[in-house]
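Coordinates in review
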Amino acid sequence: QVQVVESGGGLVQAGGSLRLSCAASRNSFNINAMGWYRQALGNQREMVATITNGGTTKYAGTVKGRFTISSDNAKKSVYLEMNNLKPEDTGVYYCAVAPGLLLLNRFGSWGQGTQVTVSS
């Protein structure tokens, strides 16, 4: 079973920046897609950004231009650089990994989540 661990959340003022990191267990294999999702209190989980092993990225419209997803395939790690943070970015951020992009949301391996809080 793939273990996924996130880190890097915290409290930041609006306009600030945070960098989230996620690493899958070293004994995992066949990871071809990774992504970040978030869930605000009372809301459904939503996709923030995804990236494939080939480097193809996708962003939610609300974060495009402010967030950057990157990965290190050799380290089975994915990162999320978040700039110009807004209060509406507040939520628990989850990392997911999967053998393919279409499997990521429903069948991926998930971390425990890391809290991001943006104060106004």
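Residues numbered from 1 in each chain as written. Predicted model: local features only at pLDDT ≥ 70, side-chain atom pairs only at ≥ 80, totals over all residues. Heavy atoms only, no water.

Moving on, we come to the side chain of Asp-89. Position of Asp-89 among the secondary structure elements: in the loop between β8 (77-82) and β9 (91-98). Looking at Asp-89, the relative accessible area reads 0%, which means it is buried. Within the structure, the side chain of Asp-89 is placed 2.8 Å from the side chain of Arg-66, a separation counted as a polar contact. With sequence-adjacent residues up to four places away left out, Asp-89 is seen in contact with Arg-38, Val-63, Arg-66, Phe-67, Asn-84, Val-116 and Val-118. (Helix = DSSP H or I, 4+ residues; strand = E, 2+ residues; numbered from the N terminus. Buried < 20%, exposed > 50% of the residue type's maximum accessible area, 1.4 Å probe, protein only. Polar contact = N/O pair within 3.5 Å; in protein donor to acceptor, adjacent residues only side chain to side chain. Contact = heavy atoms within 4.5 Å.)

Residues Trp-36, Leu-80, Met-82 and Tyr-93 are the most contacted members of the largest nonpolar core, which totals 26 residues. The element best represented in this core is strand β3 (residues 18-24), accounting for four residues. Dropping the residues within four chain positions of it, Tyr-93 is found in contact with Glu-6, Leu-20, Trp-36, Tyr-37, Arg-38, Val-48, Phe-67, Leu-80, Met-82, Gly-113, Thr-114 and Val-116. (Core = buried A, V, L, I, M, F, W, Y, C linked by side-chain atoms within 4.5 Å.)

Right, let's get into the pattern of salt bridges. All told, the structure shown has four salt bridges when counted by the stated rule. Among the ionic pairs, Asp-89 bridges to Arg-38, the shortest N-O distance being 2.9 Å. Linking Asp-89 in the loop between β8 and β9 with Arg-38 in strand β4 (residues 33-39), this pair joins segments that are 51 residues apart in sequence. Each member of the pair, Asp-89 as well as Arg-38, carries the same accessibility label: buried. The salt bridge partner of Asp-89 is Arg-66, with a shortest N-O separation of 2.8 Å. Note that Asp-89 is positioned in the loop between β8 and β9 and Arg-66 in the loop between β6 (57-59) and β7 (67-72), a separation of 23 residues in sequence. Overlapping salt bridges bring together Arg-38, Glu-46, Arg-66 and Asp-89 as one network. (Salt bridge = Lys/Arg side-chain N within 4 Å of Asp/Glu carboxyl O.)

Here the focus is the pairing of strand β11 (residues 114-119). Of the two faces of β11, only one is covered, namely that formed by Thr-114, Val-116 and Val-118; the face formed by Gln-115, Thr-117 and Ser-119 stays uncovered. By the bridge criterion, four bridges tie strand β2 (residues 10-13) to β11 in an arrangement that is parallel. Residue pairing across strands places Val-12 opposite Val-118, the latter belonging to β11. With three bridges joining them, β9 and β11 adopt antiparallel strand pairing. When the bridges of β11 are listed, Tyr-93 appears paired with Thr-114. (Pairing = 2+ DSSP bridges.)

What follows concerns the sheet that holds β7. Taken in spatial order, the four strands of this open sheet run β1-β3-β8-β7, and their pairing is antiparallel. One side of each edge strand has no neighbouring strand; the edge strands of this open sheet are β1 (4-7) and β7. Here the average twist between neighbouring strands, direction ignored, is 15°. Pairing of β3 with β8, which is carried by six bridges, proceeds in the antiparallel orientation. (Axes fitted to C-alpha atoms, helices over the stretch in contact; angles between N-to-C directions.)

So yeah, pure geometry; function would need other evidence.
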